[in-house]
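The chain contents come next:
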Amino acid sequence: MKYMNYIAADSAPEVATSAIKLHGESGFQGMRAAGRLAAETLDFIAPHVVPGATTDEIDALCRDFVADRGALSAPFMYRGYPKSICTSVNHVVCHGIPGPRRLKEGDILNIDVTPILDGWHGDTSRMFLLGEVSVRARRLVDVTYEALLLGIAQVKPGNRLGDIGHAIQQYAEGQRCSVVTEFCGHGLGRVFHDAPNVMHFGRQGSGDELREGMIFTIEPMINLGRPDTKVLDNGWTAVTRDRTLSAQFEHSVGVTADGVEIFTLSPKGYTKPPYNE
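Residues numbered from 1 in each chain as written. Predicted model: local features only at pLDDT ≥ 70, side-chain atom pairs only at ≥ 80, totals over all residues. Heavy atoms only, no water.

Trans peptide bonds make up most of the peptide bonds, and negative phi angles are found at most residues other than glycine. Following alanine 195, the chain continues to proline 196 via a peptide bond in cis, the omega torsion being 5°. Omega for the peptide link from proline 273 to proline 274 comes to 5°, which places this bond in the cis form. Position of proline 274 relative to the elements: it lies in the segment after strand S19 (260-262). The phi dihedral of arginine 79 falls on the positive side, at around 50°, and the residue is not glycine. For histidine 95, which is not glycine, the phi dihedral falls at a positive 65°. Looking at the element boundaries, histidine 95 is found in the loop between strand S5 (92-94) and strand S6 (108-113). Judged by its relative accessible area of 26%, histidine 95 falls in the partly exposed class. (Helix = DSSP H or I, 4+ residues; strand = E, 2+ residues; numbered from the N terminus. Buried < 20%, exposed > 50% of the residue type's maximum accessible area, 1.4 Å probe, protein only.)

This is the structure we're talking about:
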């Protein structure tokens with residue numbers, strides 16, 4: 001197997017590279033601030049995610065919240081994407097485009113935000129439940145959140161990317177759910193999507209070694225039914241082929257000398273829904 005090279009982020013160009021960037025303390029400081037703003041954005045929007053609200057309204061609220069704090073919304077016009085956040089409802093796996101659709105009782109919704117603060121990208125997403133949802137929907141959300149935590153628990157120097165994917169896959173499939181394989185986590189920092197790709201499935205002990213200074217997202221997408229997806233004609237929105245429910249949680253993390261730092265933890269202590277102060 002061919003492994004990737006590693007480079008010091010301070011001497012690397014601020015573009016996506018084929019090498020894995022290793023960040024120092026200044027990079028971690030930048031990610032702490034950007035990650036906190038991303039988490040604050042999801043904290044802020046929580047009380048606005050109610051039946052009757054449109055995903056367009058949620059997008060506008062998040063966009064203004066980020067802008068009022070001197071940041072930019074990275075998704076806006078990224079490769080032509082037309083909105084500031086992603087809103088993925090029910091059987092939408094990821095990259096749902098906000099629009100006039102009104103949320104209704106029983107929906108589940110993923111909101112994915114990425115503010116750019118002082119050049120650093122804070123990338124995170126959470127699931128939201130609209131009123132009373134089905135037992136199966138709530139269970140899927142719980143399984144997806146637990147899968148994320150198990151993946152994060154594998155992040156420490158000396159482990160490998162495959163350890164993250166293996167932990168997620170083993171747990172999700174053990175809960176009779178499936179892992180989406182077409183989309184993955186990614187390197188992050190001053191670049192929105194960078195090396196390495198972080199798969200949410202894999203073999204223990206495989207893949208690139210985790211080294212201190214790496215920064216990336218872990219963002220498992222878990223389906224109630226089969227893992228197969230398709231992208232709609234808008235070129236962005238991925239849905240489950242069998243139209244079963246899908247859920248996702250995402251954190252931005254950094255590899256420390258002895259473990260992991262999560263940059264996108266909720267300041268209000270929100271983890272998985274329902275979000276109550």
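There is more to say after this.
Before going further, it helps to spend a moment on the pattern of salt bridges. According to the stated counting rule, one finds 13 salt bridges in the structure shown. A salt bridge links arginine 32 to glutamate 261; its shortest N-O distance comes to 2.7 Å. Here glutamate 261 lies in strand S19 and arginine 32 lies in helix H1 (residues 25-45), a separation of 229 residues in the sequence. Overall, the relative accessible area of 32% leaves arginine 32 in the partly exposed class. Notably, a salt bridge pairs arginine 101 with aspartate 107, separated by 3.1 Å at the nearest N-O pair. Given the relative accessible area of 34%, arginine 101 is considered partly exposed. With relative accessibility at 1%, the residue aspartate 107 sits in the buried group. Residues joined in a network through salt bridges with shared partners are Glu25, Arg32 and Glu261. (Salt bridge = Lys/Arg side-chain N within 4 Å of Asp/Glu carboxyl O.)

Bringing the sheet that holds strand S14 (residues 221-223) into the picture now. Across the sheet, which stays open at both edges, the 3 strands sit in the order S10-S14-S17 with antiparallel pairing between neighbours. Every other strand in the sheet has two partners, leaving strand S10 (178-179) and strand S17 (246-248) as the edge strands with one partner each. Across 3 bridges, S14 lies against S17 in antiparallel orientation. Along S17, the bridge assignment pairs asparagine 223 with serine 246. Strands in contact with helix H3 (residues 135-152) are S14 and S17; relative to S17, the strand with the most contacts, it is inclined by about 35°. (Pairing = 2+ DSSP bridges. Contact = heavy atoms within 4.5 Å. Axes fitted to C-alpha atoms, helices over the stretch in contact; angles between N-to-C directions.)

Where H3 contacts helix H4 (residues 161-174), the axes come no closer than 8 Å and their chain directions differ by 150°. As the angle between them shows, H3 and H4 are arranged roughly antiparallel. Note that H3 runs across H4; the crossing there is right-handed. Where H3 approaches H4, its residues Val143, Glu146, Ala147, Leu150 and Gly151 are matched on the opposing element by Ile164, Ala167, Ile168, Tyr171 and Ala172. Its residues assigned to classes, the contact of H3 with H4 shows 8 nonpolar, 1 polar and 1 charged. (Parallel < 35°, antiparallel > 145°, perpendicular 65-115°, else oblique. Left-handed = near helix turned anticlockwise from the far one by under 90°. Nonpolar A, V, L, I, M, F, W, Y, C, P; charged D, E, K, R; others polar.)

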